[in-house]
Amino acid sequence: MKFANSELMTMAIAAGEKARFFAPPNPWVGALVVSARGVIVSEGRTQVPGESHAEIEALRRAGDEARGATMVVTLEPCCHVGRTGPCVEAIIEAGIARVIVGTLDPDPRVSGRGVELLKASGVDVEVGIEEELVRTQLASYIWHRITGRPYVVVKIASTLDGVVAMADGTSQWITGEQARRDAHVLRAQSQAVLVGAGTVRSDDPSLTARLEDIVIEPLRVVLGHAPEGAKVRPCLELSGDLGQILDEIASHDVVQLLVEGGPTTTSAFIDAGLVNHVVWYQAPAFAGGQGTLSAMEFLTTPTMAALRRGRVVDVRRIGEDIRIDVEV
């Protein structure tokens, strides 16, 4: 059975997703080697930093079958020496005849040069297959490479009317177990999790990502001071301008930052225009406004013209709750 290029790229995207938790700050890339007869010979994905990129993994598994074959890769192959050697050189040496690329790498060390080198060596290259899907998967990496700052995701769990804490101050648990498990995946996809000191004092969160039988520990960041003995320790304690805080967090190889703070922290990031994506979990419950705390309690919008609008990119049901993804 011969697959269409779009089908092959979708498979490569799925391979890259398997590297999502451990590849950063490198991009979570997927690659396939496909024979001239259309048979998928091998699959590769980015390994932990310092180890093989997806292309090298796929070539290693393909062996001699790589000669004259096609490589399908989600991101443009690198052409510089970093922790590992250039993937472009390995592709040429392996005798790959054609390379199908999802999207160009915005890293200034690559940025089209990988494709140019492949073409100059006689390799047929096609760019832009399922590009929108690839760029969605690699959104935080692309943002980080272009801006030098982490891609900021805000996570909110509320009632349907936007309340995050009841009149007596309680906030656990508004959403169900399945939504909370999904939020742990979101933590695992982020290299740092940020909360305000108020959240640390009231909830004492550990901010680890617990997935089945493994625990992933992102960098934990607190705006302000975390009390001695708090579960969030050891953590990075920062205060001041949020833009400068993002720059500091970026220096720790953080590609994606998850903001899990309360209304004060969430409102501050939204108001500063520093949020890329909002993940909002809503429970089918109602709390009302008397004495409760809303998710954006401290965000002020003086006029309709000043309303902050985003774009809904996904809505799905998780257990009894819903998850809404919004690009801001």
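Throughout this description, residue numbers start from 1 for each chain and increase along the sequence as written. Per-residue local features are limited, in this predicted model, to residues with pLDDT of at least 70; the limit for side-chain atom pairs, both in listing and counting, is 80 or more; totals at the level of whole chains, interfaces and linings are taken over all residues. Excluding hydrogens and water, the side-chain values take into account all heavy atoms of the structure.

> Could you clarify how one ought to interpret the overall build of the protein in this entry?
Counting its regular elements, the protein contains 10 helices and 17 strands. Taken against the 2.2 N^0.38 rule, which gives 20 Å for 328 residues, the C-alpha radius of gyration of the protein at 22 Å falls within 12% of a compact globule. The buried label goes to any residue with under 20% of its type's maximum accessible area, the exposed label to any with over 50%, and the partly exposed label to all in between, with areas taken from a 1.4 Å probe on protein chains only. Taken across its 328 residues, the protein has 50% of its residues classed as buried. Across the protein, contacts joining residues at least 24 apart in sequence account for 71% of those joining residues at least 6 apart. For the protein, the separation between the mean place of its 31 positive charges and that of its 42 negative charges on side chains is 1 Å. Every helix listed is a DSSP run of H or I at least four residues long, and every strand listed is a run of E at least two residues long, numbered separately from the N terminus. To get the radius of gyration, use the C-alpha atoms; to get the globule rule, take the number of residues to the power 0.38 and multiply by 2.2 Å. What makes two residues a contact is simply this: any of their non-hydrogen atoms within 4.5 Å. Within this scheme the basic residues Lys and Arg register as positive and the acidic residues Asp and Glu register as negative, but His and the chain ends are omitted. Charged groups are reduced to one reference atom each: NZ for lysine, CZ for arginine, CG for aspartic acid, CD for glutamic acid.

> For this particular structure, what's the right way to read the sheet that holds strand β4 (residues 98–103)?
Two strands in a sheet stick together by hydrogen bonds in their backbones, pointing the same way (parallel) or opposite ways (antiparallel). Two strands form a pair only when DSSP identifies at least two bridges running between them. Ordered by their spatial adjacency, 5 strands build an open sheet running β2-β1-β3-β4-β5, and the pairing between neighbours is mixed. The sheet is open, and its two borders are formed by β2 (40–45) and β5 (124–127), each paired with just one other strand. Across the sheet, the axes of successive neighbouring strands diverge by a mean angle of 15°, strand direction being ignored. The strands touched by helix α1 (residues 5–17) within the sheet are β1 (30–34), β2, β3 (70–75), β4 and β5, with β1 carrying the most contacts at an inclination of about 135°. Against the sheet, helix α2 (residues 54–62) contacts β1, β2 and β3, and its axis sits at roughly 145° relative to β2. Only C-alpha atoms enter the line fits that serve as axes; for helices the fit covers just the stretch in contact. Angles between N-to-C directions range over 0 to 180 degrees.

> Please clarify how the sheet that holds strand β12 (residues 236–238) should be interpreted in this entry.
Strand order in this open sheet of 8 strands is β12-β11-β8-β13-β6-β14-β17-β16, and the pairing throughout is mixed. Across the chains shown, the open sheet's two edge strands, defined by having one partner strand only, are β12 and β16 (311–318). Neighbour-to-neighbour, the strand axes of the sheet open up by a mean angle of 20°, direction not taken into account.

> I tried to follow the pattern of salt bridges on my own but got confused; where do I start?
Salt bridges, as used here, are contacts in which a Lys or Arg side-chain nitrogen is within 4 Å of a carboxyl oxygen on Asp or Glu. Under the definition given, this model contains 20 salt bridges. The partner of Lys18 in a salt bridge is Glu43, and the shortest N-O contact between them spans 3.1 Å. Highlighted residues: Lys18 in the loop between α1 and β1 and Glu43 in strand β2, separated in sequence by 25 residues. Its relative accessible area of 46% is what places Lys18 among the partly exposed residues. Note that Glu327 is salt-bridged to Arg311, the shortest N-O span being 2.9 Å. Of the two residues, Glu327 is situated in strand β17 (residues 321–327) and Arg311 in strand β16; the sequence distance between them amounts to 16 residues. Several salt bridges share partner residues, and in doing so they unite Glu57, Arg60 and Arg61 into one network.

> What am I meant to see in helix α3 (residues 87–94) here?
Looking at α3, one finds that the buried residues are Cys87, Val88, Ile91 and Ala94. Along the axis of α3, the buried residues cluster in a sector spanning 135°; they form a single face. Those residues of α3 hidden inside the fold are in contact with α2, β3, β4 and α4 (113–120). Two residues or fewer past α3, Gly95 is found with a positive phi of approximately 85°. By construction, the arc corresponds to the directions joining the helix axis to the C-beta atoms.

> For this particular structure, what's the right way to read the pairing of strand β13 (residues 256–259)?
In the case of a regular strand, side chains alternate between the two sheet surfaces. Neither face of β13 is left uncovered, since the one carrying Gln256 and Leu258 and the one carrying Leu257 and Val259 both have all their residues buried. Both strand β6 (residues 151–159) and β13 contribute to a ladder of 4 bridges, which runs parallel. Looking at the pairing, Tyr151 lines up with Gln256 of β13. For strand β8 (residues 192–196) and β13, the ladder comprises 3 bridges, and the chain directions are parallel. If you follow Ala192 over to β13, its bridge partner there is Leu257.

> I would appreciate a short explanation of the pairing of β5 in the present structure.
Where β4 meets β5, 4 bridges bridge the pair, whose relative direction is parallel. Pairing of Ile100 across the sheet is with Glu126, part of β5. Regarding topology, α4 serves as the crossover connection from β4 to the parallel β5, and that connection is right-handed. By the criterion used throughout, a crossover qualifies as right-handed when its path from the first strand across the helix to the second strand runs clockwise, the strands pointing away from the viewer.

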